[in-house]
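# Notes for the structure review
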Amino acid sequence: ERQWHVEPLAIAQHYGLRTGYLDLTDAIDVAVFFATCMFGGEKWIPATQGEGIVYQVDWRMLRVKAKDRVEQIGLLPFSRPYEQWAWTFALGFLDFESVPGVDAVIFEHKASVGEAMLRRFNGGERIFPPDPLADIASRATASPQIPIRFLSSVAEDAAVQLSEPAGSIMQAIVAQGDYEATDDD
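Rules used throughout
- Residues numbered from 1 in each chain as written.
- Predicted model: local features only at pLDDT ≥ 70, side-chain atom pairs only at ≥ 80, totals over all residues.
- Heavy atoms only, no water.
- Salt bridge = Lys/Arg side-chain N within 4 Å of Asp/Glu carboxyl O.
- Helix = DSSP H or I, 4+ residues; strand = E, 2+ residues; numbered from the N terminus.
- Buried < 20%, exposed > 50% of the residue type's maximum accessible area, 1.4 Å probe, protein only.
- Polar contact = N/O pair within 3.5 Å; in protein donor to acceptor, adjacent residues only side chain to side chain.
- Pairing = 2+ DSSP bridges.
- Axes fitted to C-alpha atoms, helices over the stretch in contact; angles between N-to-C directions.
- Core = buried A, V, L, I, M, F, W, Y, C linked by side-chain atoms within 4.5 Å.
- Contact = heavy atoms within 4.5 Å.
- Phe/Tyr/Trp six-rings, centres within 6.5 Å; stacked < 30°, edge-to-face > 60°.

### Things to note about the pattern of salt bridges
One pass over the structure, following the stated rule, counts two salt bridges. A salt bridge links Asp-29 to Arg-120; the nearest nitrogen and oxygen atoms lie 3.0 Å apart. Here Asp-29 is found in helix H2 (residues 28–36), whereas its partner Arg-120 is found in helix H5 (residues 111–120), with 91 residues between them in sequence. A salt bridge links Asp-58 to Arg-60; the shortest N-O distance between them is 3.6 Å. Taking relative accessible area as the criterion, Arg-60 reaches 65% and is therefore assigned exposed.

Here you go:
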């Protein structure tokens, strides 16, 4: 019998919910899209000023030095992570650039590069295909309430990773967002 391991926070990260994870990809063109384009409220637009960054990752080194923080989710049966060749990295309070095998490539934004990436990915539609999980994530991010059961689960997971009490993590999550913790699911 085939079983899938799904890390809920890793999936949540790829659907736009704030987590302690960082999105990664195997595909350089997907990485360049995210580094040169930004979501402008209604649609993706090219970044036109300032610096951009792409991280070059030595996957072999990352899997050895930080294997407990890396998870491949692009092979799971979810449209968005599949199209984005998705991985996640459990960041916590770690500086990603200090991880062995990670190099930052910094560049100046040019509108023409972002425009080319938007054409390549059909305005972003190719890497953000219609997906029921995206609808659920949109509703979740728009909600001012967070179920205590979910908040407790997230805090307990984070407490293990960060060696902090779950109660203080719950308080920090509620304080950082404009959330109200509720007993409702």
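### A look at the side chain of Thr-25
Along the polypeptide, Thr-25 turns up in strand E1 (residues 21–25). Thr-25 gets classed as buried once you look at its relative accessible area, which sits at 18%. For Thr-25, the side chain forms a polar contact with the main-chain nitrogen of Ala-27, separated by 3.1 Å. Engagement of the side chain of Thr-25 in a polar contact is seen with the backbone oxygen of Gln-84, the distance being 2.7 Å.

### A closer look at the sheet that holds strand E5 (residues 70–72)
Strand order in the open sheet made by the three strands is E1-E6-E5, with antiparallel pairing throughout. Of all strands in the sheet, those with a lone pairing partner are E1 and E5, marking the two edges. Taking the axes of each pair of neighbouring strands and ignoring which way they run, one obtains an average angle of 25° across the sheet. Of the pairings in the sheet, the one linking E1 to strand E6 (residues 86–90) comprises five bridges and is antiparallel in character. By the bridge assignment for E6, Thr-25 is matched with Ala-86.

### Thoughts on the nonpolar core
One finds Leu-24, Val-57, Trp-59, Leu-62, Ala-66, Val-70, Trp-87, Phe-89, Leu-91, Phe-96, Val-99 and Val-102 forming the largest nonpolar core, which totals twelve residues. At the level of secondary structure, the elements contributing two or more residues to this core comprise helix H3 (59–65) and E6. Residues contacting Val-70, with those up to four places away along its chain left out, are Trp-59, Leu-62, Trp-87, Thr-88 and Phe-89. Counting eleven residues, the second-largest nonpolar core is a separate cluster that includes Tyr-15, Ile-73, Ala-134 and Val-154.

### Digging into the packing of aromatic side chains
Describing an aromatic ring pair means giving the distance of the ring centres and the angle of the ring planes. Counted by the stated rule, this structure contains ten aromatic pairs. Note on Phe-34 and Phe-128: the rings are 5.8 Å apart at their centroids and 80° apart in plane angle, and the pair reads as edge-to-face. Residue Phe-34 is found in helix H2, and its partner Phe-128 is found in the loop between H5 and helix H6 (132–142); the two are separated by 94 residues along the sequence. By relative accessible area, which is 23% here, Phe-128 ends up partly exposed.

No statement about biological role is implied by the geometric values presented.
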